[in-house]
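# Residue-level structure breakdown
Below are the chains, spelled out letter by letter.
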Amino acid sequence: MSAVVTRIRAARRAVTRITLLPLLLRAGIFLTALAGLLLAFPVEVLLGQLLVAPVVALLPAVGPRRIWPTVVALLTVGGWALAIDGYDRPVALWRLLAVAAALYLSHTLCALVAVLPSDAVVDPALVLRWLLRAVAVLLGAAVLGVLLVELAGLGGEQGLQVGTVAGLVVAVLVTVLLGWLLRRR
């Protein structure tokens, strides 16, 4: 029983010591995870369970170092696949880009919050640089994604195959570039 009491006291102490910026970052995790879930899942699935999506989106905000960011990302991708395959929702480019952006922002905010203590005094410039870098990645990925979608639409069925191969080539090139940059350090 004393272990439970100790954990409760530690949680209470952590909540009372939390500073504004880590709290705002956790709110950002919650909002981006919720946006991803709401955009990915079909409306028919969400209507019956109005509180499930907010509770699930709250999990990575509370435990960014645990398994919850991965669980929410997998649920979001599963909701997208369910909407496309199970409910015959057409793939809209804006929705695809929005879900991808929500997944990436949730992931990168979880990475930042995971290394920050909840009572840390953080320079806002650090968070601004982090978010600007994330926005640059999102813009680059969106432009590249739109170009690949347009490339896929050029040749009908053959264009889809060319777009898939081009996407794989880009993924391999980015992996090679990141590996080279890591070794260069």
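Once a new chain begins, its residue numbering starts again from 1 and follows that chain's sequence as written. Only residues with pLDDT of at least 70 are given local features in this predicted model, and only at 80 or more are side-chain atom pairs given and counted; all residues enter the totals for whole chains, interfaces and linings. The side-chain numbers reported here are obtained from all heavy atoms of the structure, hydrogens and water having been left aside.

Ranked by size, the top nonpolar core spans eleven residues in total: Leu25, Ile29, Ala61, Leu109, Cys110, Leu112, Val113, Leu116, Ala120, Val122 and Val127. Put simply, DSSP H or I for four residues or longer makes a helix, DSSP E for two residues or longer makes a strand, and each gets a number counted from the N terminus. Elements represented by at least two residues in this core include exactly helix H2 (20-40) and helix H6 (93-115). Counting residues per element, this core draws most heavily on H6, which supplies four residues. Once residues lying within four places of it in the same chain are set aside, the contact partners of Leu116 are Leu25, Arg65 and Val122. In terms of nonpolar packing, the next biggest core, distinct from the first, is built from nine residues, Ala33, Leu46, Ala53 and Val56 among them. Residues belong to a common nonpolar core when they are buried Ala, Val, Leu, Ile, Met, Phe, Trp, Tyr or Cys residues joined through side-chain atoms within 4.5 Å. When a residue's accessible area, from a 1.4 Å probe over protein chains only, is under 20% of the maximum for its type it is buried; when over 50% it is exposed; and in between it is partly exposed. Throughout, a residue-residue contact means that at least one pair of heavy atoms, one from each residue, lies within 4.5 Å.

Next up on the list: the confidence of the model for the protein chain. In the predicted model, the protein chain carries a mean pLDDT of 84, and the fraction of residues at 70 or more is 91%. For every residue, the pLDDT score states the predictor's confidence, bounded by 0 at the bottom and 100 at the top. Mean pLDDT in the protein chain bottoms out at helix H8 (residues 157-184), which sits at 76, and peaks at H2, which reaches 92.

Let's shift gears to the packing of H2 against helix H5 (residues 68-86). Helix axes use the C-alpha atoms of the stretch in contact, all axes being lines fitted to C-alpha atoms, and the angles between their N-to-C directions lie in the range 0 to 180 degrees. The interhelical angle for the contact between H2 and H5, taken along N-to-C directions, is 20°, at an axis separation of 8 Å. Our classification of the angle between H2 and H5 gives roughly parallel. The interaxial crossing formed by H2 with H5 has left-handed handedness. In this structure, H2 contributes Ala33, Gly36, Leu37 and Ala40 to the contact, and H5 contributes Val72, Leu75, Thr76, Gly79, Trp80 and Ala83. Residues are grouped as follows: Ala, Val, Leu, Ile, Met, Phe, Trp, Tyr, Cys and Pro are nonpolar; Asp, Glu, Lys and Arg are charged; all remaining types, including Gly, are polar. Split by residue class, the contact of H2 with H5 holds seven nonpolar, three polar and no charged. In these notes the angle categories are as follows: under 35 degrees is roughly parallel, over 145 is roughly antiparallel, 65 to 115 is roughly perpendicular, and the rest is oblique. Throughout, a crossing is termed right-handed when the near helix is turned clockwise from the far one, and left-handed when it is turned anticlockwise from it by less than a right angle.

Looking now at the packing of H2 against helix H4 (residues 52-62). Two elements in contact, H2 and H4, have axes separated by 8 Å at closest approach and are oriented at 140°. Here H2 lies oblique to H4, going by the angle between them. You can see that H2 and H4 cross each other, and the crossing is right-handed. Counting all contacts with H2, which are made through Arg26, Ile29, Phe30, Ala33, Leu34, Leu37 and Leu38, the residues of H4 involved are Ala53, Pro54, Val56, Ala57, Leu58, Pro60, Ala61 and Val62.

We now examine the environment of Leu34. Among the secondary structure elements, Leu34 is positioned in helix H2. Apart from the residues lying within four places of it in its own chain, the contact partners of Leu34 are Ala53, Pro54 and Ala57.

Moving on to H2. One less than the residue count of a helix, multiplied by 1.5 Å, gives the span that helix is expected to have. The end-to-end C-alpha distance of H2 is 30 Å, a good match for the 30 Å that 21 residues give at a rise of 1.5 Å each. Residues of H2 that are buried: Pro22, Leu25, Arg26, Gly28, Ile29, Thr32, Ala33, Leu34, Gly36, Leu37 and Ala40.

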